[in-house]
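Okay, here's what each chain looks like letter by letter:
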Amino acid sequence: QVHLVESGGGLVQAGGSLRLSCAASGRTFSSYAMAWFRQAPGKEREFVATISGIGGRTNYADSVKGRFTISRDNAKSTVYLQMNSLKPEDTAVYYCAAGPVRSYLLDAYNYWGRGTQVTVSS
């Protein structure tokens, strides 16, 4: 069982930056691929980025490539999402997820946090 808690969301102006964190419980954090998804009002939850458990291999949605960076610290059981050059269309609730393999599919992830709100003003 993995318990995930996101933090770091907030209100930021367009062009600004935020760093999200997701703290995980359990002693097997490094065995999980981790991911960030987001859900804007009235829209379906969508993939943002994922990182492997060991080795740090990453994948990004095209909409955030070059602006967002996912990373992890296995010693701290924490995954991060550094978001730069934020746009109003990045406004959403951001969710952290853990699963056995990297994937852009929601169903690939077994554990989810409750989310943190990111609002980007124009």
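Quick summary incoming for the structure in this document. Quantities reported herein were computed from a predicted structural model and do not represent experimental measurements.

**Points about unusual backbone geometry**
Trans peptide bonds make up most of the peptide bonds, and negative phi angles are found at most residues other than glycine.
Here comes step 1: Of note, the phi angle at S77 is positive, near 50°, even though the residue is not glycine.
Here comes step 2: Along the chain, S77 falls in the loop between β7 (68-73) and β8 (78-83).
Here comes step 3: Under the relative-accessibility criterion, S77 is labelled buried at 14%.
Here comes step 4: Here the phi dihedral of S85 falls at roughly 50°; this positive angle occurs in a residue that is not glycine.
Here comes step 5: Secondary-structure assignment places S85 in the loop between β8 and β9 (92-99).

**Examining the side chain of T91**
Here comes step 1: Mapped onto the elements of the fold, T91 is located in the loop between β8 and β9.
Here comes step 2: For T91, a relative accessible area of 19% puts it in the buried group.
Here comes step 3: Here the side chain of T91 touches P88 through a polar contact of 2.9 Å, landing on its backbone oxygen.
Here comes step 4: A polar side-chain atom of T91 sits 2.9 Å from the main-chain amide nitrogen of V120.
Here comes step 5: Setting aside its immediate chain neighbours within four residues, T91 contacts A40, Q117, V118, T119 and V120.

Definitions and limits used
- Residues numbered from 1 in each chain as written.
- Predicted model: local features only at pLDDT ≥ 70, side-chain atom pairs only at ≥ 80, totals over all residues.
- Heavy atoms only, no water.
- Helix = DSSP H or I, 4+ residues; strand = E, 2+ residues; numbered from the N terminus.
- Buried < 20%, exposed > 50% of the residue type's maximum accessible area, 1.4 Å probe, protein only.
- Polar contact = N/O pair within 3.5 Å; in protein donor to acceptor, adjacent residues only side chain to side chain.
- Contact = heavy atoms within 4.5 Å.

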